[in-house]
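Residue-level listing of the chains:
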Amino acid sequence: MRRVAIVGAGMTKFYRNAQETSKELAYEATKMALDSCEMKLSDIDCVTIGSAPDAFDGVHMKGEYLSDGSGAFRKPVMRHFVGGGTGVLSPAHGWFMVASGMFDTCLVVAEEKMSCAYPHPAGAFITIFDHTTEQALYPTLIYIFAIEMNRFMTTHGYRKEDIALVAVKNKKNALDHPCAQLPGEVTVEDVLNSEIMAYPVNRLDISPTSDGAACMILAAEHVARRVTEKPIWLDGVGWCLDTAYWCTRDLYYPDYLEVAARQAYKMAGIKEPSKEIHIAEPYDPFTYKELHHIEGLLLAPRGKSVQMLVDGHFNRDGNLPCSPSGGLLGVGNPIAAAGLMKVIELYLQLKGTAGKRQVPGNPTCGVANAWGDLMQVGTVVVLRS
Amino acid sequence: MALIERFQKTTDIGYWEGQIPMNYIYTVGRAGEKFFREIMNGKIFGAKCDVCNIIYVPPRTYCEKCFARLEDSYVEVGTKGTVHTFTQCYETFDGMKKEAPSLVAVIRIDGTDGGLVHWLGEVDFKKVYIGMPVEAVFKAKKDREGSILDIKYFKPTK
């Protein structure tokens, strides 16, 4: 298989209600990515599109709908979709296209427009639950995540006021992100005193619903060397689905992620993740999820991530900066686009072009993950400079 | 950044209201047929995989781990379990404020590997804990209709 590089990236600002249609959002991100590396649409061999449920944008077969805005006119195009995990599967999907030798360049586009669905896009999730044993109870995503958070906290004896530090950190990091929807200086007290959604989840523990798009350009090595002086390599990809019967899982530990991470690490030749990885973008739609995922990515021992957080280990200037972008909690959460935003952050950081967000120490290896469906899909990528 | 926030009034700029008009009739499936017929009898059934030594609740026609067929392996599992984890939820499924919060738990049915998500009743939120023993409370027999709601809720075992 051929080595695959990331040579360009772009994204829109994340908004609660963007005026742009879904395909206009995709166009803005794709155009910016092409411009970032001075490539033209005619330089692109194929396109992959990541987008979560059709029910968000309210357009059935959203991949086809998005294709022209994603630069796919008369090109081989394929859509992938694994719920919230979509945005980090996106580069993996593009990796296949280029690594296989079939194509030299690939546009990887991720888009979500959640504001179309009303009264609230959360309503679209009712049909992901089992239609006969669960839907009659009107489950919500917030309550199943609250259920998971409770199990995670109780198992490890974590305190809510410590977990709230994730929101404080990420929203602060997002102040330096030009595309951020909900950046800000918040305190632990602000998080604890915000509206209760489902115990133990408060309003500020959750990322917002958003509209937005992101795009990344992948290229085979010989093209990458021509396009850029500093290609960033997509050296590891992994993904995994745990059982769809979510009630049978323990929930305190993300097994789905460990399996996916081990696959990506093996491919990238990483033996000791906590030593070899310099920077991480763990998926953080909820505060606890960043910690849950730091443990699942084998970057902290089980039950120890909160102490490391409290000690500042995951700050932008800490030993292992986590979500230096500002994450979903700060930048926003247009589902698939948010996952790809995290991979783009690694790309910018490893390239040394993250501006005010740049972490110190010239990082050379980063990992990002996303998660979704019924809390059971894990997607992971490893990037190197 | 060229993007701007969406206009929220028709008088500001045009938008189009629409829906995906479709309704569904879901079959409960072959394992579901067993599960819901027995629920009407006030019983909870699972399916046992002897190879993997797993009891699935609700029952399934196959083992997802080894792919054995389980249709001849349905077993009654009793109506008692423990609270595996829980929440008290203040929002409706479509993101609106609930009139009264609901108390929800994942119940691990005793002696099985399976769990049901369901409501908790006859207990105050502050008294609930992970590991709490609970049992299913069924509707009156004449009111049962082969639904997961034939179980009204789970209550603490005395």
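Criteria and cut-off values
Residues numbered from 1 in each chain as written. Chains lettered and ligands numbered in written order. Predicted model: local features only at pLDDT ≥ 70, side-chain atom pairs only at ≥ 80, totals over all residues. Heavy atoms only, no water. Helix = DSSP H or I, 4+ residues; strand = E, 2+ residues; numbered from the N terminus. Buried < 20%, exposed > 50% of the residue type's maximum accessible area, 1.4 Å probe, protein only. Contact = heavy atoms within 4.5 Å. Core = buried A, V, L, I, M, F, W, Y, C linked by side-chain atoms within 4.5 Å. Pairing = 2+ DSSP bridges. Axes fitted to C-alpha atoms, helices over the stretch in contact; angles between N-to-C directions. Buried area = accessible area lost by both parts, 1.4 Å probe. Salt bridge = Lys/Arg side-chain N within 4 Å of Asp/Glu carboxyl O. Nonpolar A, V, L, I, M, F, W, Y, C, P; charged D, E, K, R; others polar. Patch = residues over 30% accessible without salt bridge, like charges linked within 9 Å, V, L, I, M, F, W, Y side chains within 5 Å. Areas by Shrake-Rupley, 256 points an atom, 1.4 Å probe, with all protein chains shown as cover.

### Regarding unusual backbone geometry
Right, on to step 1. Tyrosine 118 of chain A connects to proline 119 of chain A through a cis peptide bond whose omega is 5°.
Right, on to step 2. Mapping proline 119 of chain A onto the fold places it in the loop between strand 4 (105-113) and helix 5 (141-156).
Right, on to step 3. Residue glutamate 38 of chain A is not a glycine yet carries a positive backbone phi of 50°.
Right, on to step 4. By relative accessible area, which is 74% here, glutamate 38 of chain A ends up exposed.
Right, on to step 5. Even without being glycine, glutamate 122 of chain B reaches a positive phi, approximately 55°.
Right, on to step 6. Its location among the elements puts glutamate 122 of chain B in the loop between strand 6 (115-119) and strand 7 (133-138).

### Description of the environment of histidine 313 of chain A
All names here are of chain A.
Right, on to step 1. Mapped onto the fold, histidine 313 is located in the loop between helix 13 (305-310) and helix 14 (327-331).
Right, on to step 2. Residue histidine 313 is classed as partly exposed on the basis of its relative accessible area, which comes to 22%.
Right, on to step 3. Separated by 85 residues in the primary sequence, histidine 313 and threonine 228 place their C-alpha atoms 33 Å from one another.
Right, on to step 4. Other than its neighbours up to four places away in sequence, histidine 313 contacts Met308, Gly318, Asn319, Leu320 and Pro321.

### Side note on the nonpolar core
Right, on to step 1. Formed by 136 residues in total, the largest nonpolar core has its most connected members in Trp246 and Leu383 of chain A together with Ile44 and Phe154 of chain B.
Right, on to step 2. A per-element tally of this core places helix 15 (residues 335-351) of chain A first, with 11 residues.
Right, on to step 3. Non-local contacts of isoleucine 44 of chain B, meaning those with residues more than four positions away in its chain, are made with Phe35, Val57, Val75, Glu76, Val77, Gly78, Thr79, Ile109, Ala136, Phe138, Ile151 and Phe154 of chain B.
Right, on to step 4. Grouped together as the second largest cluster of nonpolar side chains are 25 residues, Ala33, Leu34, Val47 and Ala224 of chain A included.

### Section: the pairing of strand 6 of chain B
Each regular strand displays side chains that alternate between the two surfaces of the sheet.
Residue and element names in this part refer to chain B.
Right, on to step 1. Burial of strand 6 is extensive: four of the five residues sit out of reach of the surface.
Right, on to step 2. Bridge count for strand 5 (residues 97-109) against strand 6 is five bridges, and the pairing is antiparallel. By the bridge assignment for strand 6, valine 106 is matched with valine 117.
Right, on to step 3. If you look at the hairpin formed by strand 5 and strand 6, you'll find five residues sitting between the two strands, and glycine 111 has a positive phi there, around 75°.

### As for the sheet that holds strand 10 (residues 365-372) of chain A
Residue and element names in this part refer to chain A.
Right, on to step 1. Strand order across the open sheet formed by nine strands is 3-2-4-7-1-8-11-10-9, with mixed pairing between neighbours. The two strands at the open ends of the sheet, each matched to only one other strand, are strand 3 (77-80) and strand 9 (279-281). Across the sheet, the axes of successive neighbouring strands diverge by a mean angle of 25°, strand direction being ignored.
Right, on to step 2. Bridging between strand 1 (residues 4-11) and strand 7 (residues 211-220) involves seven bridges; their strand directions are antiparallel. Looking across to strand 7, one finds that alanine 9 is bridged to methionine 216.
Right, on to step 3. Against the sheet, helix 15 engages strand 1, strand 2 (46-50), strand 4, strand 7, strand 8 (232-241), strand 9, strand 10 and strand 11 (377-384), with an angle of about 50° to strand 7.

### Topic: the interface of chain A and chain B
Right, on to step 1. Taken together, the contact between chain A and chain B spans 54 residues of the former and 48 residues of the latter.
Right, on to step 2. With both chains or domains summed, chain A and chain B bury close to 4,400 Å², and 64% of this area falls on carbon and sulfur atoms.
Right, on to step 3. For the pair chain A and chain B, the interface holds one salt bridge.
Right, on to step 4. Note that lysine 97 of chain B is salt-bridged to glutamate 195 of chain A, the shortest N-O span being 2.8 Å.
Right, on to step 5. Among the elements of the structure, helix 1 (22-36), helix 5 and strand 5 (196-198) of chain A are those that each provide at least two residues to the side of chain A that touches chain B.
Right, on to step 6. For the side of chain A that touches chain B, the element with the most residues is helix 5 of chain A, which contributes seven residues.
Right, on to step 7. For the side of chain A that touches chain B, the class distribution of residues is 27 nonpolar, 17 polar and 10 charged.

### Comments concerning a nonpolar patch on the surface
Right, on to step 1. On the surface, Ile20, Met22, Tyr24 and Tyr26 of chain B cluster together into a nonpolar patch covering about 460 Å² of accessible area.
Right, on to step 2. Along the chain, tyrosine 26 of chain B falls in the segment before helix 1 (29-40).

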